[in-house]
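Observations on the model geometry
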Amino acid sequence: MLLISAAVQLWKRRGTTDKIENPIVKNDTIYCNYLSNGINYVAAYNPVNGTEFWKKSITEKWGADRLIAEGTMLYYLSIQTNRDIIVNGFDLTTRTVKWQRNIGITTSIAYSDMALDGNQLL
């Protein structure tokens, strides 16, 4: 993790083939996709020292992408085995996927970031 204002590296992970992907920071927590031994997780880390707060395995083949955190929810795109793109609503309180919606496109079609507009996920 790099502290941008002072350009000082606070911590980094070494000696592992695990990957932290697609990180975002919200309310003093880093949320990301964590890939370990071929299993994807939604994970939360302390941005100051890198300590893992929690991780929850997810069933999607290609993990959590385009994360947005708002209130007690984390929204992310995932790709199913058949290459369908799914929007997920992950409850940060219970650490469970509250809902999933197939958005009707596959990875053969380019897709962009998501955005929140009031109570709409675009």
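Here's a quick rundown of the structure. Just so we're clear, the structure is a prediction, and the values are computed from it rather than from any experiment.

What follows is about unusual backbone geometry. Located in the positive-phi region is Asp28, a residue other than glycine, with phi close to 60°. Along the polypeptide, Asp28 turns up in the loop between β3 (19-26) and β4 (29-36). A relative accessible area of 65% means that Asp28 is categorised as exposed. Located in the positive-phi region is Arg95, a residue other than glycine, with phi close to 55°. If you trace the backbone, Arg95 turns up in the loop between β9 (84-91) and β10 (96-106). Residue class for Arg95 comes out partly exposed when judged on its relative accessible area of 36%.

This structure, assessed with the given rule, holds two salt bridges. In this structure, Lys26 and Glu70 form a salt bridge, with 3.8 Å as the shortest nitrogen-oxygen distance. Of this pair, Lys26 sits in strand β3 while Glu70 is found in strand β7 (residues 65-70), placing the two residues 44 residues apart along the sequence. The residue Arg66 makes a salt bridge to Asp65 at a minimum N-O spacing of 2.8 Å. Of the residues examined, Arg66 reaches a relative accessible area of 25% and is grouped as partly exposed. Accessibility expressed as a relative area gives 17% for Asp65, which makes it buried.

Bringing the sheet that holds strand β6 (residues 52-58) into the picture now. An order of β3-β4-β5-β6 is seen for the four strands of this open sheet, with the pairing classed as antiparallel. Only two strands of the sheet have a single partner each, and these edge strands are β3 and β6. If you compare each strand with its neighbour and ignore which way they point, the axes differ by 20° on average. Inspection of the sheet shows β3 paired to β4 by six bridges, in the antiparallel sense. Among the inter-strand pairings, Lys19 is bridged to a residue of β4, identified as Leu35.

Here is what the cut-offs are and how they apply
- Residues numbered from 1 in each chain as written.
- Predicted model: local features only at pLDDT ≥ 70, side-chain atom pairs only at ≥ 80, totals over all residues.
- Heavy atoms only, no water.
- Helix = DSSP H or I, 4+ residues; strand = E, 2+ residues; numbered from the N terminus.
- Buried < 20%, exposed > 50% of the residue type's maximum accessible area, 1.4 Å probe, protein only.
- Salt bridge = Lys/Arg side-chain N within 4 Å of Asp/Glu carboxyl O.
- Pairing = 2+ DSSP bridges.
- Axes fitted to C-alpha atoms, helices over the stretch in contact; angles between N-to-C directions.

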